[in-house]
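Structure at a glance
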Amino acid sequence: MIPELRERFNREFTPEKYADFLANLDAGCGTHVTFRNCETPCFFPRALLEKMARYGRELIEQLMQPAYRKLSDATIPPAFHVPNEDAHPLFLQADFGIAANNEPKLVEIQGFPSLYAYQPYLADTYRNAYGVDASLTAFLGGLNHASYAKLLREAIVGAHDPVNVVLLEIEPEQQKTLPDFLLTEKLLGVRAVDITQLVKDGKNLFYRRDGKLIPIERIYNRTIVDEVLRKNVQPAFDFRDELDVEWAGHPNWYFRISKFSLPYLDHSSVPKTHFLDKMESIPADLENYVLKPLYSFAGLGVIVGPTAADVAAVIDRSQYILQERVKFEPVIATPEGPTQAEVRIMYIWLDEPKAVTTIIRMGRGKMMGVDHNRDMSWIGASAGFIPA
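This report concerns the structure included in the present document.

Reading the values: the criteria
Residues numbered from 1 in each chain as written. Predicted model: local features only at pLDDT ≥ 70, side-chain atom pairs only at ≥ 80, totals over all residues. Heavy atoms only, no water. Phe/Tyr/Trp six-rings, centres within 6.5 Å; stacked < 30°, edge-to-face > 60°. Helix = DSSP H or I, 4+ residues; strand = E, 2+ residues; numbered from the N terminus. Buried < 20%, exposed > 50% of the residue type's maximum accessible area, 1.4 Å probe, protein only. Pairing = 2+ DSSP bridges. Expected span 1.5 Å × (residues − 1). Arc of directions from axis to C-beta. Contact = heavy atoms within 4.5 Å. Axes fitted to C-alpha atoms, helices over the stretch in contact; angles between N-to-C directions. Polar contact = N/O pair within 3.5 Å; in protein donor to acceptor, adjacent residues only side chain to side chain. Salt bridge = Lys/Arg side-chain N within 4 Å of Asp/Glu carboxyl O. Right-handed = clockwise from strand over helix to strand, strands pointing away. Left-handed = near helix turned anticlockwise from the far one by under 90°. Nonpolar A, V, L, I, M, F, W, Y, C, P; charged D, E, K, R; others polar.

1. Considerations on the packing of aromatic side chains
A full pass over the atoms with the stated rule returns 25 aromatic pairs. Where F9 meets W378, the ring centres are 6.4 Å apart and the plane angle is 85°; that geometry is what we call edge-to-face. Of this pair, F9 sits in helix α1 (residues 3–12) while W378 sits in the loop between β17 (353–363) and β18 (380–382), and the two are 369 residues apart along the sequence. Taking the relative accessible area as the measure of exposure, W378 reaches 5% and is therefore buried.

Written as structure tokens, this is what we have:
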């Protein structure tokens, strides 16, 4: 996207540099990174990412209106309606595809944490392996390493001792996001804990650390309800319990700001989106649409260009949307040919929704997630740099 930087990178790339990059990534994370990281970072004009960040804030503002808040009450399953909800989400993600004329188009929006520890480390690893110029930054909003770490600590740890804060997940050591969990512990001192391994005593929760039961005062929630149900996981507590804990990312926002939001958004960046059960007729050109379950994660169950049979096979249509397909432009020039990029703008909301950094996914297939571009090179997860 910045031609001179793109051309220089491609010219100076060697397989040996990429191998060093991957080795250093594993070494720094303390585990093997199982998803594919692209051979290259991306170099974006500052104005493009600032436009995406602004669009994301405008969408968030719409979803904070009382009318939508009331509508979204219905999205939270009674069995997972957690008390003491915060006034706004702490973590937000807005995913944009780059369409014609470099115009951002929303893919989806989430009120749930992402790879806040991993992405800065990924960018640093690219920088060190390839000698990315010091005049480029992977942070947004004028942040640097120190100010970003301070902001992230305030969001996740708050005023607590990190020993009394846990990152809550299902079998964290089995998750592909384990590198992010380990880097979170390295950066903040917060450990990942299996949701089934907590101990409940009245309103209090505890976890085992170095042979001792440690009280939990704050939870950095990374548990996906869809996975709880799909795997029939039995948590050590009931989500409806009145617990004496704070939530760093209240679970209810996972439902409120999700694919359920998309039909309610009115913005030039948002493709037309409909609840499947509210559609009077199904479009004849389904190849130009995407069928999505409301609460799947990592692209599970998403069908790009569904057939009429795919739509007919949906049992509960109220749990699906049909969205106009974002036509990604292949804007990244690579030795394997032009490649598409999806940009996730990551926000932390303390005083206001602040765009802090990005996740980049590169691909040449129908879907952009790291699980959907396999057996290809110059695709996968990446980091985005802009002029500082």
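2. As for the pairing of strand β9 (residues 212–215)
For strand β8 (residues 204–209) and β9, the ladder comprises four bridges, and the chain directions are antiparallel. Across the sheet, Y207 pairs through a bridge with I214, a residue of β9. The antiparallel pairing of β8 with β9 creates a hairpin that spans two residues between the two strands, and D210 there sits at a positive phi of about 55°.

3. A closer look at helix α3 (residues 46–63)
Helix length check: α3, at 18 residues, gives a terminal C-alpha distance of 26 Å against a target of 26 Å (1.5 Å per residue), a fit within 8%. Three or more residues of α3 are buried, namely L48, L49, M52, A53, Y55, G56, L59, I60 and L63. Looking straight down α3, one finds its buried side chains confined to an arc of 160°; they lie on one side. Facing away from the buried side of α3 by over 90 degrees, the exposed positions are A47 and E61. Where the residues of α3 are buried, they touch α4 (66–71), β2 (91–98), β3 (104–110), β16 (340–349), β17 and β19 (384–387).

4. Focus on the sheet that holds strand β7 (residues 199–201)
Strand order in the open sheet formed by three strands is β7-β8-β9, with antiparallel pairing between adjacent strands. If you trace the sheet from one side to the other, it starts and ends with β7 and β9, each paired once. The average angle at which neighbouring strand axes cross in this sheet is 40°, direction not considered. One ladder, built from three bridges, connects β7 with β8; its direction is antiparallel.

5. Details of the environment of Y130
In this fold, Y130 is placed in helix α5 (residues 118–130). The class for Y130 is buried, based on a relative accessible area of 11%. In this structure, the C-alpha to C-alpha distance between Y130 and F96, residues 34 residues apart in sequence, is 26 Å. Once you skip the residues sitting within four places of it in the chain, Y130 turns out to touch F9, F13, K17, Y18, F21 and E39. Of note is the side chain of Y130, whose polar atom sits 2.8 Å from the backbone oxygen of E39.

6. Examining the pattern of salt bridges
Inspection of the entire model under this criterion finds 21 salt bridges. As a salt-bridge pair, R256 and D73 come within 2.8 Å of each other at their nearest N and O atoms. Of this pair, R256 sits in helix α9 (residues 252–256) while D73 sits in the loop between α4 and β2, placing them 183 residues apart in sequence. Judged by relative accessible area, R256 falls into the buried class, the value being 4%. Between R191 and D210 there is a salt bridge, with its nearest N and O atoms 3.6 Å apart. Linking R191 in strand β6 (residues 191–194) with D210 in the loop between β8 and β9, this pair joins segments that are 19 residues apart in sequence. Relative accessible area serves as the criterion here: at 25%, R191 is assigned to the partly exposed category.

7. A look at the sheet that holds β3
Spatial ordering of the open sheet is given by β3-β2-β16-β17-β18, a layout of five strands whose pairing is antiparallel. Only two strands of the sheet have a single neighbouring strand rather than two, namely β3 and β18. Going across the sheet, the axis of each strand differs from the next one's by a mean of 25°, ignoring polarity. Alignment of β2 against β3, held across six bridges, turns out to be antiparallel. Within β3, the residue paired with I98 across the bridge is P104. Contacts from α3 reach β2, β3, β16 and β17 within the one sheet, and its direction differs from that of β16 by about 55°. Taken strand by strand, helix α6 (residues 145–156) contacts β2, β16 and β17, and its axis lies near 105° from that of β17.

8. Concerning the pairing of β6
Across four bridges, strand β5 (residues 165–169) lies against β6 in parallel orientation. By the bridge assignment, V166 is partnered in β6 with R191. Handedness of the crossover is the feature at issue here: the chain leaves β5, passes through helix α7 (residues 178–188), returns alongside β6, and the resulting connection is right-handed.

9. Overview of the packing of helix α2 (residues 15–29) against α5
Following both chains from N to C, one finds α2 and α5 inclined at 145°, their axes separated by 9 Å at the closest point. For the crossing formed where α2 meets α5, the hand is right-handed. Here α2 contributes K17, Y18, F21, N24, L25, G28 and C29 to the contact with α5, which in turn contributes Y118, Y121, L122, T125, Y126, A129 and Y130. Considered class by class, the residues forming the contact of α2 with α5 number 10 nonpolar, three polar and one charged.

10. So, unusual backbone geometry
Look at N101: it is not a glycine, yet its phi comes out positive at around 60°. As for its position among the elements, N101 is in the loop between β2 and β3. Look at E171: it is not a glycine, yet its phi comes out positive at around 40°. Along the chain, the position of E171 falls in the loop between β5 and α7.

So yeah, pure geometry; function would need other evidence.
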